[in-house]
Amino acid sequence: MGIGLVKGRSSIFLKEEVTEGTYVAPASANDAVEVLEEGLEFNYERDEIERNNLSATIETEASRVGMKQITGSIPIEYKAASVEGDAPRGDILYKALLGGKRQIASNVTTKTGNSATVLQIQDADISLFKKGDVIVVKEAGAYEARPISAIDTTPGSATITLAFALDNGAPSDNVVLSQVTTYYHTDGAPTFSATHYAGGEIEEEVSGLRSISASLENYATAQLASWNFAVEGLDLVRSVNTPAFTPDFSNDALPPVLLDACIWINGIKVKYSEFSMNIENTKAEILSACSDSGKIGSRFTQFMVTGEINPYMEDDDVDRFDAFNNNDDISVFGYAYNPTATAGEGKEFVAFWIPQAKVTAIPMGDQDGIMTDNISFKAYRKDGEDSVFLSFI
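What you see is a predicted model, and the numbers here were worked out from it, not measured in a lab. (Residues numbered from 1 in each chain as written. Predicted model: local features only at pLDDT ≥ 70, side-chain atom pairs only at ≥ 80, totals over all residues. Heavy atoms only, no water.)

Now for the overall build of the protein chain. Each helix and strand counted, the protein chain has 2 helices and 25 strands in total. Across its three principal directions, the C-alpha atoms of the protein chain cover 85 × 50 × 40 Å. Across the 393 residues that make up the protein chain, the buried fraction comes to 46%. Of the roughly 19,100 Å² of accessible surface on the protein chain, a fraction of 48% belongs to carbon and sulfur atoms. Separation between the mean location of the 30 positive side-chain charges and that of the 58 negative ones in the protein chain comes to 5 Å. (Helix = DSSP H or I, 4+ residues; strand = E, 2+ residues; numbered from the N terminus. Buried < 20%, exposed > 50% of the residue type's maximum accessible area, 1.4 Å probe, protein only. Areas by Shrake-Rupley, 256 points an atom, 1.4 Å probe, with all protein chains shown as cover. Lys, Arg positive; Asp, Glu negative; His and termini not counted. Charge placed at Lys NZ, Arg CZ, Asp CG, Glu CD.)

Here you go:
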């Protein structure tokens with residue numbers, strides 16, 4: 001018998017389940033996910049059922065145990081795949097959180113006659129695009145990301161409209177548009193299994209996991225942002241075992257340092273130092289006394305997106321306060337990327353797009369004595385499946 005398991009030698013593998021609660025083992029090293037060392041955990045508890053019976057003593061009666069409660073957290077860096085448009089390593093976490101996923105798997109070249117907000121698309125390509133997707137317009141020396149706000153499929157004059165104008169104006173004719181993976185909210189989010197090798201020696205098989213919530217953390221000037229996923233599952237089994245596969249993250253993309261990581265509110269670029277977002281599902285468990293675990297599944301019953309940002313206060317307008325006071329809509333868009341050797345160009349973009357939200361609070365704050373609008377907001381649906389979009393480019 002030995003002691004001294006080293007936390008840094010731990011690894012975790014994630015697999016989408018076919019049937020909720022039926023454990024799926026990792027199939028290859030590609031199922032490994034690179035997680036942050038601090039915050040990764042799985043907790044297994046049993047409900048205690050007390051027995052308060054009268055007897056000849058006031059000592060406590062032995063209790064019984066009821067249903068299992070499996071909770072945990074999986075923190076990962078906020079980064080894209082190393083191949084443009086591919087899903088990131090944490091793919092199943094985002095799918096289990098939001099439910100919807102789509103991809104543009106090839107670069108698209110526009111036609112001629114583009115403007116700063118409307119791009120001319122070939123008829124054969126227009127079906128690739130969806131409202132809410134974020135694309136990078138690859139103008140030489142001036143790459144810019146924007147969300148798509150409208151699509152016109154009229155034969156011969158198909159277009160996509162950007163939510164707001166490109167900073168550098170109309171791009172060139174025949175400009176290339178990026179590939180992208182986009183996650184969005186829809187019903188039917190899958191469950192997944194996690195295989196956690198603690199210290200490389202103790203195996204935890206966790207099944208029936210759902211991403212209950214995810215918080216975007218450390219999205220601040222010159223930092224590395226991360227997502228912390230809170231998860232809940234149906235079962236956990238622990239045994240002595242070593243990994244069947246060795247994770248290799250050497251070819252993965254690096255997370256972007258948050259410099260030139262701009263955010264726009266209502267299409268206006270704001271100067272800020274910190275941003276946060278929380279995506280949260282409400283879960284209802286389906287209980288059954290006929291099940292040996294007491295549960296036969298779970299469903300999401302509510303979905304909510306909230307966030308905060310601290311743009312510096314303007315000295316010549318109170319437009320953001322007026323939006324709050326008048327209960328006007330705001331939109332929030334931001335992206336970060338890794339620069340390339342070519343000035344003005346980038347790769348491995350991560351982006352978020354909230355098309356419509358309400359400001360819920362806007363107290364005055366300060367950043368090292370410089371006054372800020374500390375905006376809190378809550379996203380809401382318009383047409384449905386459109387309250388938040390996460391894109392990886």
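Counted under the stated rule, the structure contains 22 salt bridges. Linking R89 and D252 is a salt bridge whose minimum nitrogen-to-oxygen distance equals 3.0 Å. On the criterion of sequence distance, the pair formed by R89 in the loop between strand 3 (64-77) and helix 1 (91-98) and D252 in the loop between strand 15 (235-240) and strand 16 (263-265) is long-range, its members being 163 residues apart. Note on R89: relative accessible area 26%, which makes it partly exposed. Between D383 and K131 there is a salt bridge, and its shortest N-O distance comes to 3.5 Å. Of the two residues, D383 is situated in the loop between strand 24 (375-379) and strand 25 (389-392) and K131 in the loop between strand 6 (118-120) and strand 7 (134-137); the sequence distance between them amounts to 252 residues. Sharing partners across several salt bridges, the network here consists of E144, R146, D167 and K269. (Salt bridge = Lys/Arg side-chain N within 4 Å of Asp/Glu carboxyl O.)

Y219, W227, F275, M277 and L390 are the most contacted members of the largest nonpolar core, which has 56 residues in total. No other element matches the 6 residues that helix 1 contributes to this core. Discounting chain neighbours no more than four positions away, the residues touching F275 are L216, Y219, I263, E308, I309, V332, F352 and F377. Grouped together as the second largest cluster of nonpolar side chains are 31 residues, I104, V134, I160 and I393 included. (Core = buried A, V, L, I, M, F, W, Y, C linked by side-chain atoms within 4.5 Å. Contact = heavy atoms within 4.5 Å.)

Along the chain, the position of A140 falls in the loop between strand 7 and strand 8 (144-152). Sequence separation of A140 and E345 is 205 residues, and the distance between their C-alpha atoms is 7.4 Å.

This brings us to a negative patch on the surface. The grouping of E314, D315, D316, D317, D319, D322 and D328 at the surface amounts to a negative patch. Along the chain, the position of D317 falls in the loop between strand 19 (295-309) and helix 2 (319-325). (Patch = residues over 30% accessible without salt bridge, like charges linked within 9 Å, V, L, I, M, F, W, Y side chains within 5 Å.)

We now examine the pairing of strand 19. Side-chain direction in a regular strand flips from residue to residue, so the side chains alternate between the two faces of the sheet. Two strands pair when backbone bridges link them, and strand 18 (residues 274-287) and strand 19 are joined in this way by 13 bridges, in the antiparallel orientation. For A284, the partnering residue across the bridge sits in strand 19 and is R299. In the sheet, strand 19 pairs with strand 24 via 4 bridges, with the strands oriented antiparallel. Within strand 24, the residue paired with I309 across the bridge is I375. (Pairing = 2+ DSSP bridges.)

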